[in-house]
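A structural walkthrough
Each chain is listed here by its residues.
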Amino acid sequence: AQSVTQLDSQVPVFEEAPVELRCNYSSSVSVYLFWYVQYPNQGLQLLLKYLSGSTLVKGINGFEAEFNKSQTSFHLRKPSVHISDTAEYFCAVTRYNQGGKLIFGQGTELSVKP
Amino acid sequence: DAGVIQSPRHEVTEMGQEVTLRCKPISGHDYLFWYRQTMMRGLELLIYFNNNVPIDDSGMPEDRFSAKMPNASFSTLKIQPSEPRDSAVYFCACSRGGGNIQYFGAGTRLSVL
């Protein structure tokens with residue numbers, strides 16, 4: 001079975017600083033990987049996804065993530081954050097041919113301070 | 001497209017009452033998912049459907065929970081009888097094909113007193 005570990009439950013950072021949100025997964029088979037963002041009182045929306053191909057994936061709002069198969073990681077990065085990036089971020093994994101059954105990490109609360 | 005529509009947005013009920021949550025997925029999306037989000041357990045998949053057929057309900061916590069999808073444009077999640085520990089935010093999501101991007105509704109915040 002797959003599992004996802006988000007290594008930081010909270011990440012405080014100052015505006016315009018870089019940020020990295022860490023995600024490790026475990027799976028004995030190939031997987032698809034996703035990062036979702038949840039703003040307060042809203043549903044989740046996709047930031048970016050890795051299905052295959054280039055290991056560096058670019059998403060919306062200036063975020064990017066790198067798939068590292070040997071380290072089983074999929075860390076999310078942004079070179080300069082804005083106040084509006086304050087939200088909860090979820091890493092998720094699904095197996096090929098599993099009908100899209102997503103397994104989510106526990107979430108990382110990103111708090112951007114002025 | 002209006003996206004995934006969930007109703008109601010908020011529900012407050014008393015223990016023992018029946019609760020029905022509703023979801024209208026995006027037209028043409030053949031997979032529908034129900035999730036529950038709590039502080040303690042995070043986001044949990046409860047059940048998902050493909051072409052209106054339940055595929056995996058292993059996440060449904062107990063027999064008090066049931067879900068139906070009578071047609072491609074409507075699904076319900078019912079809790080009967082409700083208990084305080086069912087208090088959570090319930091999300092519906094859909095996708096076109098399995099393993100693809102899931103689109104989430106805004107959620108229903110359920111409070112069982």
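Coordinates for the structure precede this section.
Residues numbered from 1 in each chain as written. Chains lettered and ligands numbered in written order. Predicted model: local features only at pLDDT ≥ 70, side-chain atom pairs only at ≥ 80, totals over all residues. Heavy atoms only, no water.

Things to note about the overall build of chain B
The cut-off we apply is this: Per the convention used, a helix needs a DSSP run of H or I reaching at least four residues, while a strand needs a run of E reaching at least two, with both numbered from the N terminus. We take the radius of gyration over the C-alpha atoms and set the globule estimate at 2.2 Å times the residue count to the 0.38 power. Only protein chains enter the accessibility calculation, which uses a 1.4 Å probe; a residue whose area is less than 20% of its type maximum is buried, one above 50% is exposed, and one in between is partly exposed. Contacts between residues were defined by any pair of non-hydrogen atoms, one from each residue, lying within 4.5 Å. The Shrake-Rupley method, run with a 1.4 Å probe, gives the accessible areas here. Residue values count only the displayed protein chains as cover. In summary, the charge assignment counts Lys and Arg as positive and Asp and Glu as negative, without counting His or the chain termini. All charge positions are set by atom: Lys at NZ, Arg at CZ, Asp at CG, Glu at CD.
Per the secondary structure count, chain B includes zero helices and eleven strands. Across chain B, helices and strands are ordered from the amino to the carboxyl terminus as β-β-β-β-β-β-β-β-β-β-β. At 13 Å, chain B has a C-alpha radius of gyration in line with the 13 Å of a compact globule built from 113 residues. Its C-alpha atoms give chain B principal-axis dimensions of about 35 × 25 × 25 Å. Taken over 113 residues, chain B has a buried fraction of 51%. The long-range share in chain B, meaning contacts at least 24 apart out of those at least 6 apart in sequence, stands at 54%. Of the roughly 5500 Å² that chain B leaves accessible, carbon and sulfur atoms contribute 50%. Distance between charge centres in chain B, computed from 11 positive and 12 negative side chains, equals 5 Å.

Let's talk about the overall build of chain A
Of regular secondary structure, chain A possesses zero helices and twelve strands. Ordered by position from N to C terminus, the α and β elements of chain A give β-β-β-β-β-β-β-β-β-β-β-β. For a compact globule of 114 residues, the expected C-alpha radius of gyration is about 13 Å, and chain A comes in at 14 Å, within 12% of that figure. The principal-axis extent of the C-alpha atoms belonging to chain A is close to 45 × 30 × 20 Å. The proportion of buried residues among the 114 residues of chain A is 46%. Taking the contacts inside chain A whose residues are at least 6 apart along the sequence as the reference set, 56% of them involve residues at least 24 apart.

A closer look at the packing of aromatic side chains
Geometry of an aromatic ring pair is reported as the spacing of the ring centres plus the angle between the planes. Heads up, the condition is: Two rings from Phe, Tyr or Trp (for Trp, the six-membered ring) form a pair when their centres sit within 6.5 Å of each other. Planes less than 30 degrees apart are called stacked, planes more than 60 degrees apart edge-to-face, and all others tilted.
Here the structure, examined in full by the defined rule, presents 15 aromatic pairs over all chains. Arranged with centres 5.5 Å apart and planes meeting at 75 degrees, the rings of A:Tyr36 and B:Phe104 form a pair that is edge-to-face. With A:Tyr36 in strand β5 (residues 31-38) and B:Phe104 in strand β10 (residues 103-104), this residue pair bridges two chains. A relative accessible area of 0% places A:Tyr36 in the buried class. Aromatic ring contacts, followed pair by pair, group A:Phe34, A:Tyr36, A:Phe90, A:Phe104, B:Tyr31, B:Phe33, B:Tyr35, B:Tyr48, B:Phe91 and B:Phe104 into a single cluster.

Remarks on the state of the cysteines
To keep it simple, the criterion reads: The disulfide criterion used throughout: a pair of cysteine sulfur atoms within 2.5 Å.
Using the criterion set out here, one finds two disulfides over all chains in the structure. There is a disulfide in this structure between A:Cys23 and A:Cys91, and the S-S distance comes to 2.0 Å. On the sign convention where negative means left-handed, the S-S torsion of about -65 degrees between A:Cys23 and A:Cys91 marks this disulfide as left-handed. Of this pair, A:Cys23 sits in strand β4 (residues 23-26) while A:Cys91 sits in strand β10 (residues 87-95), placing them 68 residues apart in sequence. Given a relative accessible area of 0%, A:Cys91 falls into the buried group. One disulfide bridge connects B:Cys23 with B:Cys92, the sulfur atoms lying 1.9 Å from each other. The chirality of the disulfide connecting B:Cys23 with B:Cys92 is left-handed, given an S-S dihedral of about -65 degrees. Here B:Cys92 lies in strand β9 (residues 88-95) and B:Cys23 lies in strand β3 (residues 19-24), a separation of 69 residues in the sequence. An identical accessibility class is assigned to B:Cys23 and B:Cys92; each is buried. Unpaired in terms of disulfides, B:Cys94 finds its nearest cysteine sulfur in B:Cys92, a separation of 6.6 Å. Judged by relative accessible area, B:Cys94 falls into the buried class, the value being 0%.

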